[in-house]
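# Remarks on the overall topology
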Amino acid sequence: AQSVTQLGSHVSVSEGALVLLRCNYSSSVPPYLFWYVQYPNQGLQLLLKYTTGATLVKGINGFEAEFKKSETSFHLTKPSAHMSDAAEYFCAVMAGGATNKLIFGTGTLLAVQP
Amino acid sequence: NAGVTQTPKFQVLKTGQSMTLQCAQDMNHNSMYWYRQDPGMGLRLIYYSASEGTTDKGEVPNGYNVSRLNKREFSLRLESAAPSQTSVYFCASSEAPPGYPEAFFGQGTRLTVV
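Cut-offs used in this document
- Residues numbered from 1 in each chain as written.
- Chains lettered and ligands numbered in written order.
- Predicted model: local features only at pLDDT ≥ 70, side-chain atom pairs only at ≥ 80, totals over all residues.
- Heavy atoms only, no water.
- Helix = DSSP H or I, 4+ residues; strand = E, 2+ residues; numbered from the N terminus.
- Rg over C-alpha atoms; globule rule 2.2 N^0.38 Å.
- Buried < 20%, exposed > 50% of the residue type's maximum accessible area, 1.4 Å probe, protein only.
- Areas by Shrake-Rupley, 256 points an atom, 1.4 Å probe, with all protein chains shown as cover.
- Lys, Arg positive; Asp, Glu negative; His and termini not counted.
- Charge placed at Lys NZ, Arg CZ, Asp CG, Glu CD.
- Pairing = 2+ DSSP bridges.
- Axes fitted to C-alpha atoms, helices over the stretch in contact; angles between N-to-C directions.
- Core = buried A, V, L, I, M, F, W, Y, C linked by side-chain atoms within 4.5 Å.
- Contact = heavy atoms within 4.5 Å.

Across its full length, chain B carries zero helices and eleven strands. N-terminal to C-terminal, the α/β element order of chain B is β-β-β-β-β-β-β-β-β-β-β. Taking 13 Å as the expected radius of gyration for a compact globule of 114 residues, we find that chain B reaches 13 Å, a close match to that expectation. Considered along the principal axes of its C-alpha atoms, chain B spans approximately 40 × 25 × 25 Å. Put simply, chain B has 114 residues, and 49% of those count as buried. Carbon and sulfur atoms form 50% of the exposed surface of chain B, whose accessible area is close to 5200 Å². A gap of 9 Å separates the mean positions of the 10 positive and 9 negative side-chain charges of chain B.

What follows is the structure, given as structure tokens:
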């Protein structure tokens, strides 16, 4: 069965600082991996995804993530935080195959200080 | 282009009442999902449907039933609502791998059980 662990339920950074949100996954088959963002009182929006191929994935709003199979990790980074990045971020894993079961982590709330 | 549409957006139920949350997607996706979101717990999968005609339990199925009415529609039913089911409910849909497996979300239903 697949699962996702997000380390740090709250992360606070200064505007202009590096953003690093951590995600580790467990999957018995090669996974598909996703990062979603949720702004207050809204639904979820896809930031980026890893399916196959290049392990460094670029997404919207300057975010990127690197799939590291040996570490079972898919950490999200952004070189320079902006006030508008304040939101909750969710990592998710889908095991390949017929089931398409999509499991989310518990989320990380990112605060950006001026 | 509506994407994923959930109804209603808000609902207050009394303990023991029943209701059905409706979800429809217009993207011709095979897979559909129901999640609940509670503070600090992320999104937890209630039920999902990998394709029309199939449904499977997720992480927290107790107290819920689902129906995949056709390819477009996937409903969630609470037969006898309990205060523990107070939550925000999200419906999502996705294409099946090896297509584009990212999930698209509705705007959510905020349910309060008193």
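Residues and elements named next belong to chain B. Read from one edge to the other, the open sheet built from four strands follows the order 1-3-8-7, with strand pairing classed as antiparallel. Of all the strands in the sheet, just strand 1 (4–7) and strand 7 (64–68) have a single pairing partner and so form its edges. On average, each strand axis in the sheet is inclined to that of its neighbour by 15°, with strand direction left out of account. In the sheet, strand 7 pairs with strand 8 (residues 74–78) via five bridges, with the strands oriented antiparallel. The residue bridging Asn65 from the neighbouring strand is Arg77, located in strand 8.

Right, let's get into the nonpolar core. In terms of nonpolar packing, the biggest core is built from 46 residues, with Trp35(A), Tyr89(A), Phe104(A) and Phe105(B) touching the most fellow members. Residue contributions to this core peak at seven residues, all from strand 9 (residues 87–95) of chain A. In contact with Tyr89(A), other than residues within four places in its own chain, are Gln6(A), Leu21(A), Trp35(A), Tyr36(A), Val37(A), Leu47(A), Phe63(A), Leu76(A), Gly107(A), Thr108(A) and Leu110(A). Grouped together as the second largest cluster of nonpolar side chains are 19 residues, Met19(B), Leu21(B), Tyr47(B) and Val113(B) included.

Residues and elements named next belong to chain A. In terms of burial, strand 4 (residues 31–38) is a largely internal element, eight of the eight residues being buried. Because side chains alternate across strand 4, one face comprises the buried residues Pro31, Leu33, Trp35 and Val37, and the other comprises Tyr32, Phe34, Tyr36 and Gln38, equally buried. Pairing of strand 4 with strand 5 (residues 44–50) involves six bridges; the strand directions are antiparallel. Its bridge partner lying in strand 5, Trp35 is registered against Leu48. Counting the residues in the hairpin turn of strand 4 and strand 5 gives five residues, including Asn41, whose phi is positive at 60°.

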